[in-house]
Each structure stands twice: as structure tokens, then as C-alpha cells.
Amino acid sequence: MTVTDVNVDELVASFPDKVKKNRKRHIVKKNESAGSCPQIEANTRTVPGIITQRGCCYAGCKGVVVGPIKDMISITHGPIGCAYYSWGTRRNKARADDRTPPEQIYSTMCFSTDMQESDIVFGGEKKLAKMIDEVVEIFHPRAINVCSTCPIGLIGDDLGAVAKAAEEKHGIPVIPYNCEGYKGVSQSAGHHIANNQIMEHIIGTGTEELDGKYIVNLLGEYNIGGDGWVIEQLLEEIGYKVNSILTGDSAYVNIRNLHKVHLNLVQCHRSINYIAEMMETKYGTPWLKINFIGIEATIESLRDIAQCFGDEELIARTELVIERELAAVTPELERYRKICRGKTAFSFVGGSRSHHYQYLLRDLGMEVVVAGYEFAHRDDYEGREVIPTIKSDADTKNIPELHLEPDPEMYREPNLHLNMSKEKYDELVASGRLGYYKGMYPDMIDGGIMIDDANHYETEELIEIFKPDLIFTGIKDKYVSHKMGVPSKQMHSYDYSGPYTCFRGAVTFARDIANALSTPAWKMITPPWEQSETKRT
Amino acid sequence: MTDCTVTTRVRQVNENQCHMCMPLGGVVALRGVEHSIALVHGSQGCSTYMRLANVEHFNEPIDIASSSLNEKQTIFGGEANLRKALDNVIRVYQPKVIGIMTSCLAETMGDDIERFIETYKNDREIREIDIIPVSTPSYNGTHTEGFWATTRAVVAYYARPTERHPGINVIVPNISPADIREIKRILDLMGLEYTLLPDYSLTLDRPFGGRYQKIAPGGTSTAGIARMAGAQATIQFGLTCPEPLSPGLFLEQQFGVPLINLPLPIGLDSMDLFVRTLHDLSRRPVPESLVLERGWLCDGMADAHKINAGARPAIYGEPELIYALAKLCMENGSIPAVIASGTQNSGLVGLLQPLLKDALEEPVILEEADFVTIEEAAVRKGANLAIGHSGGRYLTERQGIPGVRVGYPIHDRIGGQRILSVGYTGTLAFLDRFTNTLLEAKHGSYRRLRKEEMLNKKGVSNAKA
Ligand code: SF4
Ligand code: SF4
């Protein structure tokens, strides 16, 4: 079947009518000739009983955003399971450096108050306070995060009060996150809550002066398998100074100085755009959406960054590095392209990767025919211009919005951050580079399907319909596709591979993909005696 | 007699824990019932996390539905969502059995699941689908208790007074699908008719072939479970199973089926006990092939005993498994350095004491342990092997103690579902992994250690200095 023949109705035919209606609003087929993106429903509640791939608010807050901050201890306040499940599942790499010695790295450990029945009945505040005391006494961390899980919200423990008292007692920041899993509709709510608290409690508290002519933060990069390190190295080679990645291999001591940079680079738009935006409001820091997944994407991103600073030397060095890296990777990449060319793929990951990896696959000559996010919002599909038209509902209203004003002392006009004229800056904004994200739709192929919050059942149906050569997904549906004879690549932890970013990462990725596509095992599944029978008939 | 040091947790901190949450174990057990699907009543995060944990261990698709509770339901109750969830699960998956496990949230809200189900079934006029509620508040127990509670709930749901029959019941704890298959093979060899529960040997380890089905074929049939009430006896590998959760005890008390609680058949003695019990029940001779297998195990034990005598394993995980492993280690002269479980009240200490009373060295026994406590004890006691699930990777990474993976969950190695440790053959397979890991560590560092011992840093012999 070619992509254009697919009928969306068939896909959801088995659902009860109400569910069918609901799900159809989450599925959009790209129609090139129609021009702009039709509205897709996103960031709304999952229908109960439909087996979703989504996680919870706590997973987004602790698991994704705050957990990887390496020099903070993140305590999960709740029963044991929630903490267990968010322990080391994301392969965020962290290492010691000149500011953070190895004994101050806690991101690989798991801390839980392990609530028992009596705590549920009588409240867990005392237990939490005691746990903070012990953690301070044993580890002496620089700062502590406390994340709550579902039952906590219900029994009404006052996280803020416990954190405040502990902060006074121990003289270190203790930051509360009311990220009970039932808030919002997915991980996304947790990203937002984490962004808010980091913005309120950490960013802007640093007073050091940073060295460097061109200083950037790399926001929304989680250093899975070392992705962030590759980007950092490339940027530093060109002449930038990376103050902090957020939050892969990040440290509290660096996040405090986030406001001291010239430019924020945004890799994962979904999880971190709040901080990018809030920093622009409060400090005037401009932000640029970049993507270091894919060769072409990396080149474009590097050029965009150089343009933001407009320094001729920087631009020249950027080109030099691009040329050198391209020369280094092209011959090997060509080998893998031969295997990958013309193959099709699905991409169902998170809230940004499903878009990012389309670039890398295109570099390899592959097409993504179906793509979707687990927990994205409409702007991640349709572009940021739709934000003013997104209706807020009861679930979004539950997440507090911070209303920030420009900081009277630290705010500087965005163009001054970049050391350029107002006109030049406005030009960059108008060209759609600064402060903008176009979403996934423009990069989908004609007839391709965008599907939001795809569930277990739909994934199976889609595989049957499209018979793709490869599926990019999380581990939860990895084995479904294997059972259906389609190789899959786990894009949350990379199946213990990576890094996949920038030039050399693309080669590693291409090698992994070529291996998956060409493993002889897939062709040997049908036993020879059955093969000959089918041949005979 | 050496007094074992027994420690239960006194600290508030649980760092790097050794146990997981209650519905997780329930989900595994339910997979052992034919045509079933699990639904966790709570926010969707719990289900997603449990799918993740199980998928990583079994390397299989795992469907766990959720009632996806949101903020509103925390105030108004979760009935409407649960009904919607049931509607959709039934429509899309067409299960014959639905097990509803509760998350901590639902338990804290105090939802009356039994009543919800009753009204739902009446309203929808559902007769063909069995909906079984299991209360699984994780602040009350770990995945181990969740597994037992669910198995018991399933038995209690189906078992009815039945005519006596010569078949037996076999109830297994959370072991690997490969272990279940081995136990079934032994039962077949002994010529017994049996109902094994929960039998997830096919559902959680699905072979390739045939069209992919949304609910995996396999599992104990509900008709079989109903017949358990009339069996000649129940063999339950549940020495550490708390009485109120014991499926075997339920059958004994309600239907008079005698309960024979045995240790998991890992190790020569435990396996002999199992075979002797089967022999008594079937009144048939032990087949020659099994005798051969026993012989190979004995031979292997004899060949490796010198090496194994140098082992000081730290054993950790679910109580039933670690008891069996401790016993196996003792009979091979490997005195455990640490024996640790994340659960409490399993009676493990009382079971271990007679086993360890003549040990030359004194092991540390930990209950409600986390990995910080285990690590500390392992280092203090000079452990040189870490036996258990993936949590032990910290013992390897931080302390250089080599690991042998067994138990649940295993997510840093492939094939958790295929690890075989029961029976004579399985024991030998385990023992070989055990011995070879010791040897590998020894060969890996032998030269360096000897060199350090004989020569000083400058390469001059220590003997001269
Ligand atoms: S709330 Fe309870 S059931 Fe859910 S993940 Fe946490 S511990 Fe497990
Ligand atoms: S209880 Fe809540 S916070 Fe914990 S895993 Fe479940 S949904 Fe997430």
C-alpha cells in the first residue's frame, strides 16, 4: 500500500464510537496541496483502558528533567514503586569535572521515602523531614529536590513547608516539586512544573562571572548515551563556551549561572521551552531552536548559531569544522546508505525526537511514513504560531504559570546579549530563526501520517497496514514490532548504543540501523519446510 | 552455633532499593491465567512504568491497561474512569479474564472496587468475562506480596467444591518462564496429572511463529483452576509466603486439599525433596532419565567444589529465591557473606537460621534492605560474588564484585525470561555460571595480584626487601 491510500477510519474501526471520534482528532494525514497543517488534537487526556505509551507527571518532572542534575539529590516522596521505576532508566550520562567531584554525583542513585501504611494514614511530612536530615548528614549535597507522587497529593502533605523548614535547618536549597502523577495528562505537565521550579529557585542565583566571548546554554539535551558531550565538544571547538547543558550531565552550580549566557540553544522544544521563554522575559536571553540529530540538521544548526553572533571569524571556523567533519564521515556513511536507501520507518518517541530523527533518516535515504509524539502539544506538530489559539482546559489550568517581569537589575535587551543592532536582531527573528519552532508537519512526507498519543492497538494496526522496514520507538512496543517481524530501534535509551548526535554520532546511528536492517535472522524465521510448501503452491 | 546478624531497616532513607511495588508482581502472576489482561486502577504512570519494568525483563510485549485517573477523580472517585477503561479493554482485547490491581492512589482514595465491578457487570449484563479485583497497595507490600495476593485471589475466584481427583496442584512463586517449563517437564516425567498456577511460561516468553495475537496464547485454564479444589494435594514453592496471602493454605482451609510447602527445587537437597514428594504422590518409580540428571549434577558439584569453597556470595532478591540459593550455596561449601531481601515479614530469618548454624563464617542477614546497606555489608564481609537481579550492578560497578544474574527484574542483561535455575539440570546450569564467574574474576586479576604480592612497585622482589 502506498502512503496516500491509507484510510484513517480503518485504523480506529475497532474502538467504541466515542473513542473512535476522539482518536480521529489525534490523527492527521499530510496533504501537501492543502498547504498549512490541519489542526491535530494533542495534550489532552488519554481515554482510560486504551493502552497508552504515556507516563505520568512525576515521570516528566523527576524522571526527565530534574533527575539528571548530577550534584543534587532527588528524593521521591511516596511509596516505593514510583521511585524504583524512574531509577536509571534513561541512560543520562554524567561525569565528574573540575566543579563537581565524583563523590558529589548522585544522579545514578535512587532515594525514596518508601511510604508505609501508617505514613499514608498519619501523613508523611515527618518521615520526609527525617529523610532530608539523613541525606544531608550522609552525603552533604549542594542542594536537594523533593518530588511527590500521587498518594502524597491526596493525603495532603505540605511539601513546600517541609522543604522550607529543611532549607532553614541545613542552609542548602531544598526545592519542592508538586508533581503528583495524576496532574495534567502526561509527562508534559511534569516538564512544566520542573521548569517553573528550576526557574524560580535556581536560575539567577549564581553570581560568578563566566569566561568566554560566546557563551551558550544547551537546553533540552539529556545526554542519553553521551549525546550532549558530542555537541558540547563540537561547539567548543568552534569557539563557543557551553555554560551548562539542561539537564543531561548538568550541575546545580552551573544551572545557577544559566542567566549569564549570550544565547540559549534549544534541542528538545517540548520539555524545556518554558525555561527558554521565561529567561527571555526575565533576562532578555534570546533562544534558538537547533537540532543536532542528522548531518544536514547539524550543519544548519551550526550555521544558524554563527549567524546569531555574526562574527566573521566564527563563521569561517564553523565552515572549516563542517568541512573537516563531513570529509571524515562521508565515506563510511556512504556504505550504510546503500543498505538504508528507500526503506521506510515509523517514529514514535517522546515530544521532539520523532521530528529530529526524520532529518537523520533522510540523510540515510529513508522516509518516515508515520510519526507521532507521546506527550507533545499542538505547537510541536503545527508550529509555535498556533500557541495563542490553543484552548486551555481543566488539565492545563492545573499547572501554575509563572508570570514573570523583566528583572530590574539583570534584564538586558536580547540584541545586546548578541552584541548586535536592534534591526539586525529583528531581521533574525523575522526570518523565523530566533524564538521559533516550526513543528513536525512541514517535514512530513506527502501522505504521511501524524498520530498523537498512539496506543498499543493502533501501533499494531499501523504496522500491519504499512509494513515498515524499521520502527523507532520506546521499549514498551519494541517487542510487539519484533513479534510482527519488524526490527525496532529503542529511541529512549538507544539499545545501549549512541551517542547519535552531530557528525560522528550519525555514523554510529547509521551503522546500528544498517545492522538492524540487514541481520540475516529476520529472513530465517519461516522454517525451510514451510518455505518450500509455499513455493510449491 | 553462630548467631547471624540480622538487621531490619531502621533508617528513613531508602537508597537504591531492592524491591518494587505490589501491583507489578500481580501483573506477572495474572499473565499466568489464560486469556487474561491486567488493568491497574490508578493514574496511568503506574501502568506505564510497570509495562516498562516487565518488558525490560521478559523482552516481550506487555499490555497493562490503566483507568487513567486524573486530578478530578481524586476528589470524586474513580468509578466512571474504571468503567470506561473496562469498556475499552473488553472491546479492543476481548479478554476472558480481567484482573484489576489497585495502585496506591486508588487505595488511598478508598475506591470500593468490588462494588464498582458488581454494578458494572449488572449494567452491562456481562456474564462471560470474569473480573477479579486484587487489592495491592504498595505501601503495604512489595511485588513479592503482590504476586502471592493475585495468585490467591485467582484461586479464590474460581475454586469451587469439586469431586476429588488424583491430580495435584503446583503453585509457583515469581520464577522465570524457563523455570516453569522445567518444573512442568519434571512433573510430566513423573507421570502426574497437575494444574500449575500461574503458568506464564508461554505468555511471557512467546516463541516466534504464527500470527501475532493481542493476548498471548497460553496460561493456566480457568477450568483447571476450578478443579484445584478437588486435587490430591498442593505443592507450593512458598516457604516464605505470608499465610494470609497463601493460595495453597486457602485451598487447604476451604477445600481440605493438603498443602505441602516446599523450597524452590534449586540445589540437590531441595530438588531431591521435590522428587521424593512427587514419588510419594504418584507412587511411581523415579524415571532413569531423572536419575541420570541427578548424577550429572552430583558429578558437577564434586568437580567444582574446591573452587566453590572460595566463594563468599552476597545473595539478594525475593525471599523464596534467596532462601533456595542460600541452601544451594551451603551445600556447595560457598558460605554466603550476605543474604538480603527487600521484603519484610517473610519469615526468612527463621528459615535461614538452622541452615546456617554450622557455618564456619557468619553471614549477615538483612531484611527490608536497600543496596546501600547490602553494599556496606558485602564489603565488610568480603563478598566476592553478587547473586541476584540487576540491582546488584552497583556492587559490581562500585565495588568490583562480579555478578551472576538470577531472579527478577533483569534489565541490564538479555534473556531474563530464559534464566534456568530449577531442577537438577537447571541447578547445574546455575552452578556452572556461578563457578565460571568466580574463575573469570580469578583469571582476570590473578597475575596482577600475584605480582603485587611478590614484587614491589619498582619491580624488585619483596622477598629481598
Ligand atoms: S503509586 Fe504505588 S502502584 Fe503506582 S508506581 Fe507508585 S508504588 Fe507502584
Ligand atoms: S503513582 Fe502517580 S506518580 Fe507514581 S508512577 Fe503512578 S502515576 Fe506516576
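The structure under discussion appears in the preceding block.
Residues numbered from 1 in each chain as written. Chains lettered and ligands numbered in written order. Predicted model: local features only at pLDDT ≥ 70, side-chain atom pairs only at ≥ 80, totals over all residues. Heavy atoms only, no water.

Looking at this structure, I do not really get the overall build of chain A. What am I missing?
Counting its secondary structure elements, chain A contains 23 helices and 14 strands. Compactness check: chain A gives a C-alpha radius of gyration of 24 Å against a globular reference of 24 Å for 537 residues, within 12% of the reference. C-alpha extents for chain A along the principal axes are approximately 80 × 65 × 45 Å. A total of 537 residues make up chain A; the buried ones form 63% of that total. About 20100 Å² of surface is accessible on chain A, with carbon and sulfur atoms providing 51% of the total. A distance of 4 Å separates the average location of the 60 positive side-chain charges in chain A from that of its 76 negative side-chain charges. (Helix = DSSP H or I, 4+ residues; strand = E, 2+ residues; numbered from the N terminus. Rg over C-alpha atoms; globule rule 2.2 N^0.38 Å. Buried < 20%, exposed > 50% of the residue type's maximum accessible area, 1.4 Å probe, protein only. Areas by Shrake-Rupley, 256 points an atom, 1.4 Å probe, with all protein chains shown as cover. Lys, Arg positive; Asp, Glu negative; His and termini not counted. Charge placed at Lys NZ, Arg CZ, Asp CG, Glu CD.)

Explanation requested: the pattern of salt bridges in the structure shown.
Note that side chains of opposite charge can pair when their charged atoms are close. A full pass over the atoms with the stated rule returns 54 salt bridges over all chains. Between Arg185(B) and Glu182(B) there is a salt bridge whose closest N-O contact spans 2.8 Å. Taken together, the positions of Arg185(B) and Glu182(B), both in helix α8 (residues 177–189) and three residues apart, correspond to about one turn of that helix. Take Glu182(B): its relative accessible area is 8%, and that puts it in the buried class. One salt bridge connects Arg405(B) with Asp412(B), and the closest N-O pair in it is separated by 2.7 Å. In this structure Arg405(B) comes out as buried when scored by relative accessible area, which is 9%. Within this structure, Glu237(A), Arg324(A), Glu325(A) and Arg504(A) form a network of salt bridges that share partners. (Salt bridge = Lys/Arg side-chain N within 4 Å of Asp/Glu carboxyl O.)

Explain the packing of aromatic side chains here, please?
To describe a pair of aromatic rings, one takes the distance between the centres and the angle between the planes. All names here are of chain A. Tallying each qualifying case throughout the model produces 25 aromatic pairs over all chains. Pairing phenylalanine 346 with phenylalanine 466 gives two aromatic rings, centres 5.9 Å apart and planes at 85 degrees, and the pair type is edge-to-face. Residue phenylalanine 346 is found in strand β10 (residues 344–348), and its partner phenylalanine 466 is found in helix α20 (residues 456–466); the two are separated by 120 residues along the sequence. The buried category is assigned to phenylalanine 346, whose relative accessible area is 0%. (Phe/Tyr/Trp six-rings, centres within 6.5 Å; stacked < 30°, edge-to-face > 60°.)

In this structure, what is going on with the site of ligand 2? I would like to understand it.
All residues in the neighbourhood of ligand 2 are listed as Cys56(A), Tyr58(A), Cys82(A), Thr149(A), Cys150(A), Gly181(A), Ser43(B), Gly45(B), Cys46(B) and Tyr49(B). Neighbouring residues of ligand 2 are not confined to one chain but are distributed across chains A and B. The leading source of residues in the shell around ligand 2 is helix α2 (residues 44–58) of chain B, at three residues. Tallied by class, the residues present in the shell around ligand 2 amount to six nonpolar, four polar and no charged. (Near = heavy atom within 4 Å. Nonpolar A, V, L, I, M, F, W, Y, C, P; charged D, E, K, R; others polar.)

What is the right way to look at the interface of chain A and chain B in this model?
Counting residues at the interface gives 73 residues for chain A, matched by 65 residues for chain B. Counting the surface lost from both chain A and chain B, the interface buries some 6100 Å², and carbon and sulfur atoms represent 60% of this. The interface formed by chain A and chain B contains three salt bridges. A salt bridge links Lys214(B) to Glu460(A), with the nearest nitrogen and oxygen atoms 3.0 Å apart. The interface formed by chain A and chain B holds 23 residue pairs in polar contact (both at pLDDT 80 or more) in total. Counting residues per element, the ones that place at least two in the side of chain A that touches chain B are α3 (57–66), α4 (80–85), β3 (111–112), α5 (117–122), α6 (125–139), α7 (150–155), α20 and α21 (478–483) of chain A. The dominant element in the side of chain A that touches chain B, judged by the number of residues it contributes, is α6(A), at seven residues. Counted by class, the side of chain A that touches chain B contains 40 nonpolar, 19 polar and 14 charged residues. In this sheet, strand β2 (residues 14–15) of chain B lies alongside β3(A) in antiparallel orientation, the contact comprising two bridges. Within the sheet, the bridge partner assigned to Phe111(A) lies in β2(B) and is Glu15(B). (Contact = heavy atoms within 4.5 Å. Buried area = accessible area lost by both parts, 1.4 Å probe. Polar contact = N/O pair within 3.5 Å; in protein donor to acceptor, adjacent residues only side chain to side chain. Pairing = 2+ DSSP bridges.)

Whenever I open this one, the sheet that holds strand β9 (residues 287–289) of chain A confuses me. Can you help?
Adjacent strands of a sheet form backbone hydrogen bonds with each other and so pair up, either parallel or antiparallel. Residues and elements named next belong to chain A. Overall, parallel pairing links the four strands, which are arranged β7-β6-β8-β9 in an open sheet. Edge positions in the sheet fall to β7 (241–247) and β9, since each has one partner strand and no second. Strand-to-strand twist in this sheet, taken as the mean axis angle between neighbours without regard to direction, amounts to 25 degrees. Note that strand β8 (residues 263–266) and β9 share three bridges and pair parallel. Paired with valine 266 across the bridge in β9 is lysine 289. Seen against the sheet, helix α12 (residues 269–283) touches β6 (215–221), β7, β8 and β9 and runs at an angle of roughly 145 degrees to β6. On the sheet, helix α13 (residues 295–309) packs against β6, β8 and β9 and is oriented at approximately 165 degrees with respect to β8. (Axes fitted to C-alpha atoms, helices over the stretch in contact; angles between N-to-C directions.)

What exactly am I supposed to notice about the sheet that holds β2(B) here?
Spatial ordering of the open sheet is given by β5(A)-β4(A)-β2(A)-β3(A)-β2(B), a layout of five strands whose pairing is mixed. The strands lining the two open edges of the sheet, one partner per strand, are β5 (174–177) of chain A together with β2 of chain B. Seen against the sheet, helix α8 (residues 159–170) of chain A touches β2 (72–77), β4 (143–148) and β5 of chain A and runs at an angle of roughly 175 degrees to β5(A).

What is the right way to look at the nonpolar core in this model?
Among soluble globular proteins, nonpolar side chains are generally buried collectively. Counting residues in each nonpolar core, the largest one holds 227 residues, and the members touching the most others are Tyr177(A), Ile198(A), Leu263(A), Ile305(A), Phe509(A), Ile183(B) and Phe274(B). A per-element tally of this core places helix α22 (residues 502–518) of chain A first, with 10 residues. Ignoring sequence-local partners within four residues, the contact set of Ile305(A) consists of Leu235(A), Tyr240(A), Leu263(A), Leu265(A), Leu288(A), Ile290(A) and Phe292(A). Counting 48 residues, the second-largest nonpolar core is a separate cluster that includes Phe15(A), Val370(A), Ile445(A) and Phe116(B). (Core = buried A, V, L, I, M, F, W, Y, C linked by side-chain atoms within 4.5 Å.)

Help me understand unusual backbone geometry, please; the structure alone is not making it clear to me.
Generally, phi is negative for residues other than glycine and the peptide bonds are trans, each holding for most cases. The omega torsion of the bond from Leu246(A) to Thr247(A) falls at -5 degrees, within 30 degrees of zero and hence cis. On the secondary structure map, Thr247(A) appears in strand β7. For the bond from Leu197(B) to Pro198(B), the omega torsion is -15 degrees, close enough to zero to count as cis. With phi around 55 degrees, His35(B) is a residue other than glycine that occupies positive phi space. We note that Glu125(B) has phi near 50 degrees; this positive angle belongs to a residue other than glycine. Mapped onto the elements of the fold, Glu125(B) is located in the loop between α6 (113–124) and β6 (130–134).

Looking at this model, I keep getting lost on the site of ligand 1. Mind explaining?
Lining the immediate surroundings of ligand 1 are Pro79(A), Gly81(A), Cys82(A), Tyr85(A), Cys21(B), Pro23(B), Cys46(B), Met50(B), Ser103(B), Cys104(B) and Ser138(B). Near ligand 1, residues from chains A and B are present, making the site a shared one. Residue assignment for the shell around ligand 1 shows that the elements contributing at least two residues are α4 of chain A together with α2 of chain B. At three residues, the largest contribution of residues to the shell around ligand 1 is made by α4(A). Here the residues of the shell around ligand 1 are counted per class, giving eight nonpolar, three polar and no charged.

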